[in-house]
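# Per-entry structural report
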Amino acid sequence: DQQVKQNSPSLSVQEGRISILNCDYTNSMFDYFLWYKKYPAEGPTFLISISSIKDKNEDGRFTVFLNKSAKHLSLHIVPSQPGDSAVYFCAASSYGQNFVFGPGTRLSVLP
Amino acid sequence: EAGVAQSPRYKIIEKRQSVAFWCNPISGHATLYWYQQILGQGPKLLIQFQNNGVVDDSQLPKDRFSAERLKGVDSTLKIQPAKLEDSAVYLCASSLGQTYNSPLHFGNGTRLTVT
């Protein structure tokens, strides 16, 4: 039973446009959510996080939105750049324990 | 700040052999995690340490996998004997601790191939 789902295995976006990556979760006890970016042959790199007491967190070109009632979060990248091409993982945890990861979405930003 | 260090980067072994992976977390990070990432999937938690105590090992196949974190710093993960389905990337991560909403920081992983 997947507690964290990323239903789009891949996404292609033109350079300069907005990239929107989506994530759904089933466990209502999750209270901390994160996005990671992964390049080939490297470990996942932390991008941005959000606590369940917020509905939005912004860091430069990256914004994460959390909709607790829908158990849904999304990552917006504006503007998208070719260097953003990578696999993006959504993750969630409760009380700082047992971080659960989604299967990932491969983003391709086309020049 | 030095990142999470892992070695080796790659390992190829035959089934039924044993293998060990090493991890050195970021200095000052109390919590250490081992994840298994099979190709095309997200990382799956194997074990979580808080200092040198085990917090969660519910998904660790204890008949063949073992892990320890001596003195609350470095950690080793061992597989004995290995099976074909153990082929994966083994990722070590660390964080400040479970009392904080602090992110995990990952090493570059060890890619294990079991033939």
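Residues numbered from 1 in each chain as written. Chains lettered and ligands numbered in written order. Predicted model: local features only at pLDDT ≥ 70, side-chain atom pairs only at ≥ 80, totals over all residues. Heavy atoms only, no water.

### Re the pattern of salt bridges
All names here are of chain A.
- Evaluated as defined, the whole model comprises four salt bridges over all chains.
- One salt bridge connects Lys56 with Glu58, and the closest N-O pair in it is separated by 3.9 Å.
- Between Arg61 and Asp84 there is a salt bridge, with the nearest N and O atoms lying 2.8 Å from each other. Taken together, the residues span a long stretch of sequence, with Arg61 in the loop between β6 (56-59) and β7 (62-67) and Asp84 in the loop between β8 (72-77) and β9 (86-94) at a distance of 23 residues. (Salt bridge = Lys/Arg side-chain N within 4 Å of Asp/Glu carboxyl O. Helix = DSSP H or I, 4+ residues; strand = E, 2+ residues; numbered from the N terminus.)

### Quick look at the side chain of B:His29
- Looking at where B:His29 falls in the secondary structure, it is placed in the loop between β3 (19-24) and β4 (31-37).
- When neighbours within four sequence positions are excluded, B:His29 is seen to be in contact with B:Arg69, B:Ser94, B:Ser95, B:Leu96 and B:His105. (Contact = heavy atoms within 4.5 Å.)

### Points about the side chain of A:Ser52
- Mapped onto the secondary structure, A:Ser52 falls in the loop between β5 (45-51) and β6.
- Filtering out sequence-adjacent residues up to four positions away, A:Ser52 remains in contact with A:Phe30, A:Asp31, A:Phe33, A:Leu66 and A:Lys68.

### A look at the interface of chain B and chain A
- Across the contact, 23 residues belong to chain B and 19 residues belong to chain A.
- For the pair chain B and chain A, the summed buried surface comes to about 1,600 Å²; carbon and sulfur atoms form 53% of the total.
- At the surface where chain B touches chain A, the tally comes to zero salt bridges.
- Across the side of chain B that touches chain A, the residue classes break down as ten nonpolar, eleven polar and two charged. (Buried area = accessible area lost by both parts, 1.4 Å probe. Nonpolar A, V, L, I, M, F, W, Y, C, P; charged D, E, K, R; others polar.)

### Quick look at the environment of A:Phe33
All names here are of chain A.
- Among the structural elements, Phe33 can be located in strand β4 (residues 32-38).
- Since its relative accessible area comes to 1%, Phe33 is described here as buried.
- C-alpha of Phe33 to C-alpha of Arg106: the two residues are 73 residues apart in sequence and 19 Å apart in space. (Buried < 20%, exposed > 50% of the residue type's maximum accessible area, 1.4 Å probe, protein only.)

### Notes on the state of the cysteines
- With the rule as written, the count across this model stands at two disulfides over all chains.
- Put simply, A:Cys23 and A:Cys90 are joined by a disulfide, and their sulfur atoms are 2.0 Å apart. Linking A:Cys23 and A:Cys90, the disulfide has an S-S dihedral of approximately -70 degrees and is accordingly described as left-handed. On the criterion of sequence distance, the pair formed by A:Cys23 in strand β3 (residues 19-25) and A:Cys90 in strand β9 is long-range, its members being 67 residues apart. Pair check on accessibility: A:Cys23 and A:Cys90 agree, each one buried.
- With a sulfur-sulfur separation of 1.9 Å, B:Cys23 is cross-linked through a disulfide to B:Cys92. Disulfide B:Cys23 to B:Cys92: torsion about the S-S bond roughly -70 degrees, handedness left-handed. With a gap of 69 residues between them, B:Cys23 in strand β3 and B:Cys92 in strand β9 (residues 88-95) connect regions that are remote in the sequence. Accessibility assignment for this pair places B:Cys23 and B:Cys92 in one class, buried. (Disulfide = S-S within 2.5 Å.)

### Considerations on the sheet that holds strand β1 (residues 5-7) of chain B
Residue and element names in this part refer to chain B.
- Across the sheet, which stays open at both edges, the four strands sit in the order β1-β3-β8-β7 with antiparallel pairing between neighbours. In this open sheet, the two strands that pair with only one neighbour each are β1 and β7 (65-68). Here the average twist between neighbouring strands, direction ignored, is 15 degrees. (Pairing = 2+ DSSP bridges. Axes fitted to C-alpha atoms, helices over the stretch in contact; angles between N-to-C directions.)

### Notes on the nonpolar core
- By size, the foremost hydrophobic cluster in this structure holds 24 residues, and its most contacted members are A:Phe33, A:Trp35, A:Leu73, A:Leu75 and A:Tyr88.
- Within the residue set of this core, elements represented by two or more residues are β3, β4, β5, β7, β8, β9 and β11 (105-110) of chain A.
- When residues in this core are grouped by element, the largest group, four residues, is from β9(A).
- Core analysis: the second largest hydrophobic core is formed by 21 residues, B:Val19, B:Leu46, B:Leu77 and B:Val114 among them. (Core = buried A, V, L, I, M, F, W, Y, C linked by side-chain atoms within 4.5 Å.)

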